[in-house]
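Chain by chain, the residues run as shown.
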Amino acid sequence: MTKKTSIVLLSVITVLVLFFGIFAFILDGQPIGINDYHSAYGLIQKSGMFGDTIAASYKLDEEANAQEIIKILKTRLQNIFAYYSVDITEKDNIVTINLPKSSYSKAGEGESTSTVDTRVLSTITQNGKFEILSSQYNSSSNEPTYSKDLVVVDQSGLRGARTRSYANGNSKANICQAKTTSEGAELVKKAKLTEGAMYYCALNEKISNIAVYQNGQFQIYGSGTTEQATAINAKLTASIINDGFLDATMTSIESPDVINSTSWVFAAVMGVIVLGTFVFMAIRYKVLGIAGILSQLIVSVAFVYALAYIYISMFNLFAAIALVLAYAFMTFFTVFTFERIRTKSEEKTFATAAYQGFRSTNIISLIAHASLLVLGIILWVIPTAVTAPMGTIFVYGAVLSFVATFGLNRLFVKFVEPFYETSGKTFAKK
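Residues numbered from 1 in each chain as written. Predicted model: local features only at pLDDT ≥ 70, side-chain atom pairs only at ≥ 80, totals over all residues. Heavy atoms only, no water.

Visitor: When you look at the overall build of the protein in this model, what are you seeing that I'm missing?
Guide: Tallying secondary structure elements over the protein gives 11 helices and 12 strands in all. Sequence-distant contacts in the protein: of pairs separated by 6 or more residues, those separated by 24 or more amount to 70%. For the protein, the accessible area works out to roughly 21,100 Å², and carbon and sulfur atoms hold 59% of it. (Helix = DSSP H or I, 4+ residues; strand = E, 2+ residues; numbered from the N terminus. Contact = heavy atoms within 4.5 Å. Areas by Shrake-Rupley, 256 points an atom, 1.4 Å probe, with all protein chains shown as cover.)

Visitor: I'm lost on helix α6 (residues 227-243) in this one. Help?
Guide: Given 3.6 residues to a turn, an α-helix orients residues that are three or four positions apart in the same direction. Here α6 spans 24 Å end to end across 17 residues, near enough to the 24 Å set by a 1.5 Å rise per residue. A large share of α6 lies buried, amounting to 13 of its 17 residues. Among the residues trailing α6, Gly244 stands out with phi positive, at a value near 100°. (Expected span 1.5 Å × (residues − 1). Buried < 20%, exposed > 50% of the residue type's maximum accessible area, 1.4 Å probe, protein only.)

Visitor: What is the right way to read the nonpolar core from this model?
Guide: In terms of nonpolar packing, the biggest core is built from 60 residues, with Leu288, Ile341, Phe412, Val413 and Val416 touching the most fellow members. Residue assignment for this core shows that the elements contributing at least two residues are α1 (3-23), α2 (40-45), α7 (262-285), α8 (287-310), α9 (317-344), α10 (350-380) and α11 (387-416). Counting residues in hydrophobic clusters, the runner-up holds 48 residues, among them Ala56, Ala66, Phe81 and Ile240. (Core = buried A, V, L, I, M, F, W, Y, C linked by side-chain atoms within 4.5 Å.)

Visitor: Explain the layout of surface pockets here, please?
Guide: Gaps between atoms show up when a probe of the same size as a water molecule is rolled over them. Approximately 860 Å³ is the volume found for the largest pocket. Lining the largest pocket are 34 residues; nearest its centre among them are Phe25, Met270, Ser300, Phe303 and Val304. Those elements giving two or more residues to the lining of the largest pocket turn out to be α1, α2, α7, α8, α9 and α11. Looking at the lining of the largest pocket residue by residue, the classes come out as 29 nonpolar, five polar and no charged. (1 Å grid on protein atoms, 1.4 Å probe; cavity = no way out; pocket = protein on both sides within 12 Å on 5 of 7 lines; lining within 4 Å. Points joined across faces, edges and corners; volume = space filled by probe spheres on them. Nonpolar A, V, L, I, M, F, W, Y, C, P; charged D, E, K, R; others polar.)

Visitor: Help me understand the pattern of salt bridges in this model?
Guide: Where charged atoms from two side chains of opposite charge approach closely, those side chains can pair. Enumeration according to the criterion identifies three salt bridges in this entry. As a salt-bridge pair, Lys129 and Glu131 come within 3.8 Å of each other at their nearest N and O atoms. The class for Lys129 is partly exposed, based on a relative accessible area of 25%. On the basis of relative accessibility, which here comes to 4%, the residue Glu131 falls in the buried class. Residue Glu339 pairs with Arg284 through a salt bridge whose shortest N-O separation is 2.9 Å. (Salt bridge = Lys/Arg side-chain N within 4 Å of Asp/Glu carboxyl O.)

Visitor: Before we go on, may I ask you to explain the packing of aromatic side chains in this structure?
Guide: Each pair of aromatic rings is reported with the distance of its centres and the angle of its planes. For the coordinates displayed, the defined rule picks out 13 aromatic pairs. When the ring of Tyr285 is compared with that of Phe338, the centres are 5.6 Å apart and the planes differ by 85°; the resulting orientation is edge-to-face. Here Tyr285 is found in helix α7, whereas its partner Phe338 is found in helix α9, with 53 residues between them in sequence. Among the residues examined, Tyr285 registers a relative accessible area of 0% and is labelled buried. Members of the aromatic cluster, connected to one another through ring pairs, are Phe329, Phe332, Phe333 and Phe336. (Phe/Tyr/Trp six-rings, centres within 6.5 Å; stacked < 30°, edge-to-face > 60°.)

Visitor: Explain the packing of α9 against α11 to me, please; I cannot follow it from the model alone.
Guide: Each pair of packed helices can be summarised by the angle the axes make with each other and by the distance between the axes. Here α9 crosses α11 at 20°, and the two axes come no closer than 9 Å. Classified by the interaxial angle, the pair formed by α9 and α11 is roughly parallel. Between α9 and α11 lies a crossing of right-handed hand. Taking contact as the criterion, the partners of Phe318, Ala319, Ala322, Leu323, Leu325, Ala326, Phe329, Met330, Phe333, Thr334 and Phe338 in α9 are, on α11, Pro389, Met390, Ile393, Phe394, Gly397, Leu400, Ser401, Ala404, Thr405, Asn409 and Val413. Split by residue class, the contact of α9 with α11 holds 17 nonpolar, five polar and no charged. (Axes fitted to C-alpha atoms, helices over the stretch in contact; angles between N-to-C directions. Parallel < 35°, antiparallel > 145°, perpendicular 65-115°, else oblique. Left-handed = near helix turned anticlockwise from the far one by under 90°.)

Visitor: Please clarify how unusual backbone geometry should be interpreted in this entry.
Guide: Note: most residues except glycine have negative phi, and most peptide bonds are trans. Despite not being glycine, Ala82 shows a phi value in the positive range, around 60°. Mapped onto the elements of the fold, Ala82 is located in the loop between α3 (66-81) and β2 (87-91).

Visitor: In this structure, what is going on with the environment of Met1? I would like to understand it.
Guide: By secondary structure assignment, the location of Met1 is in the segment before α1. If we ignore the near neighbours within four places in the chain, the residues touching Met1 are Ser6, Leu9, Lys414, Phe415 and Pro418.

Visitor: How should I be thinking about a nonpolar patch on the surface in this particular structure?
Guide: Residues Val8, Val12, Leu16, Leu18, Phe19, Phe20, Ile22, Phe23, Ile26, Tyr37 and Tyr309 make up a contiguous nonpolar surface patch of about 1,000 Å² in total accessible area. Top contributing element to the nonpolar patch by residue count: α1, with eight residues. Mapping Val12 onto the fold places it in helix α1. Given the relative accessible area of 44%, Val12 is considered partly exposed. (Patch = residues over 30% accessible without salt bridge, like charges linked within 9 Å, V, L, I, M, F, W, Y side chains within 5 Å.)

Visitor: Any chance you could explain the packing of α9 against α10 here in plain terms?
Guide: Two elements in contact, α9 and α10, have axes whose closest approach is 8 Å; the angle formed by their N-to-C orientations is 155°. Comparing the axis directions of α9 and α10 gives the class roughly antiparallel. In terms of crossing hand, the pair formed by α9 and α10 is right-handed.

Visitor: Which parts of the structure should I look at to understand the pairing of strand β8 (residues 198-203)?
Guide: Regular strands show a simple pattern: their side chains alternate between the two faces of the sheet. Burial runs high along β8: five of the six residues are buried. Pairing analysis gives four bridges linking strand β4 (residues 130-136) to β8, with the strands arranged antiparallel. Paired with Glu131 across the two strands is Ala202, which belongs to β8. In this sheet, strand β9 (residues 206-214) lies alongside β8 in antiparallel orientation, the contact comprising five bridges. Across the sheet, Leu203 pairs through a bridge with Lys206, a residue of β9. In sequence, β8 turns back onto β9 through a hairpin of two residues, with Asn204 there showing a positive phi of about 60°. (Pairing = 2+ DSSP bridges.)

Here it is in structure tokens:
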């Protein structure tokens, strides 16, 4: 490999890594829409790991199944608003939703962020019983009064709901599309619904949307005057069909704000530690340090995406401690190997020094990485607020450190090899 080829490859990889790194922090657009893009940074903010929250508490009916309700609430938060890993607890028949405040979200015209938060809570906590009625829509007639006698099929007779957008004149609106189950198809046939006709729907026993039955499926048009409103309605309808409705009444008690600045302080401190590591490698190892910096930069960006899309349900003090230890672990084995290469390169060619340096650290590195992985798995499966977060971080750390130590470091050391003499003291530049 020539110097020119090496420079081109290192430049291309660096540009790609920085692109994905910056792309991870591009703010989302509107807080709700069909098939929205959500940046890694945006999802981290919505996970409850960082930033302030609203502790919204609700009283449940005595006969309510609290765990089933919590499951549906989390599903709605994720599928409708892309809030991941929100902490929802239950005690004495009171459910508390620790909703991240939507300070980053782009509110609609004339809206405050508190309005966004209120809309999220009011949407996910409604009962959500969805039914299709036998009354045909007629723009010149008044809406019918809801009656159980008019119900043709409810959410249990529908399946495979998905959402999509469509053009409605000069504006865009949104739709939920769902197929009928075999039982639902029989009910539709028995009710003699007309193909292509529009029928009223009911949500929580109130007239809401309009649905068109065609080719064994319903196209359910979301109600609302804005694209955002129809998107929320369509996603809520799809979630009710796919995941069920809340078979309980949730009565709001209080919604105090909870200040949480510790996580952001930790993120800043961690950033300083990572940057400090990069500076140390550049000063200590010169061109060789580029290999270590690029490896750790890739791993750091990968961890941001993992934190967002895989997410960690409990990012607390113990997870933060584990993250510092895991990063120190990865840095140690990079430095450990580079010191071997640096020492051997005083008398050998760079290629030989690199080969012997990696070979001399292989066994101890393998044992150490396997030990960290096993420790992480053991702690991960112990369900406590101390062990589970630490175990999660250790597992991610072991995997990412292995990728850096046994893969990326070796690859990038090959890339910097042309910058050293092929004989004699390899740390002398050409």
